[in-house]
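Descriptive structure summary
Take a look at the letters that make up each chain.
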Amino acid sequence: MTETATTTRPAPKAAVILTPSAEARIADLMSKAPADAIGVKLSTPRRGCSGLAYSVDYVTTEAKFDEKIETPGGVFYIDGASVLYLIGSTMDWREDDFTAGFVFENPNAKGACGCGESFMV
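The following paragraphs examine the structure supplied in this document. (Residues numbered from 1 in each chain as written. Predicted model: local features only at pLDDT ≥ 70, side-chain atom pairs only at ≥ 80, totals over all residues. Heavy atoms only, no water.)

Things to note about the pairing of strand β2 (residues 39-43)
- Of all the 5 residues making up β2, 5 are buried; the element is thus mostly covered by neighbouring parts of the structure.
- Burial along β2 is two-sided: G39, K41 and S43 and V40 and L42, pointing in opposite directions, are all buried.
- Sheet analysis places β2 next to strand β3 (residues 55-59), joined by 5 bridges and oriented antiparallel. Directly across from L42, in β3, lies its bridge partner V56.
- Pairing between β2 and strand β5 (residues 74-78): 3 bridges, direction parallel. Looking across to β5, one finds that V40 is bridged to F76. (Buried < 20%, exposed > 50% of the residue type's maximum accessible area, 1.4 Å probe, protein only. Helix = DSSP H or I, 4+ residues; strand = E, 2+ residues; numbered from the N terminus. Pairing = 2+ DSSP bridges.)

Take a look at the structure:
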């Protein structure tokens, strides 16, 4: 009797790693979301002095090429056209006495503007 080896492939890694703080913020956003929102979506629209910016918005429809990440507090999408700019990134939520917002550690960014609002690849 011959044994056949079965190979199991590990689940693909998400393009963006969400910290527990980012996941908690997504849950908070989804608890206050408009009724038609199905999740929160990260995209990188062209804007700012360096070319690309991070944008997080509610999403009401699932787009064909978006990456979908299930989190404990809701669904997080990554815009399909932005995935290549974000692979290997970490998304965190940080708050202090003066500011609050998502913070990105992006190994693909080759530079950023002085104010930190945009980046280039």
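A word on the packing of aromatic side chains
- Considering all chains together, one arrives at 2 aromatic pairs under this definition.
- With 3.9 Å between their ring centres and 10° between their planes, Y54 and F104 make a pair best called stacked. Note that Y54 is positioned in the loop between β2 and β3 and F104 in strand β7 (residues 100-105), a separation of 50 residues in sequence.
- Residue classification places F104 among the buried residues on the basis of a relative accessible area of 17%.
- The ring of W93 is capped by R25, whose NZ or CZ atom sits 4.4 Å from the centre of that ring. (Phe/Tyr/Trp six-rings, centres within 6.5 Å; stacked < 30°, edge-to-face > 60°. Lys NZ or Arg CZ within 6 Å of the ring centre and 35° of its normal.)

With respect to the side chain of S89
- Note on placement: S89 falls in strand β6 (residues 89-95).
- Of the polar contacts made by the side chain of S89, one reaches the backbone oxygen of L86; its length is 2.8 Å.
- The residues contacting S89, other than those within four sequence positions of it, are A15, V16, I17, E105, N106, P107 and N108. (Polar contact = N/O pair within 3.5 Å; in protein donor to acceptor, adjacent residues only side chain to side chain. Contact = heavy atoms within 4.5 Å.)

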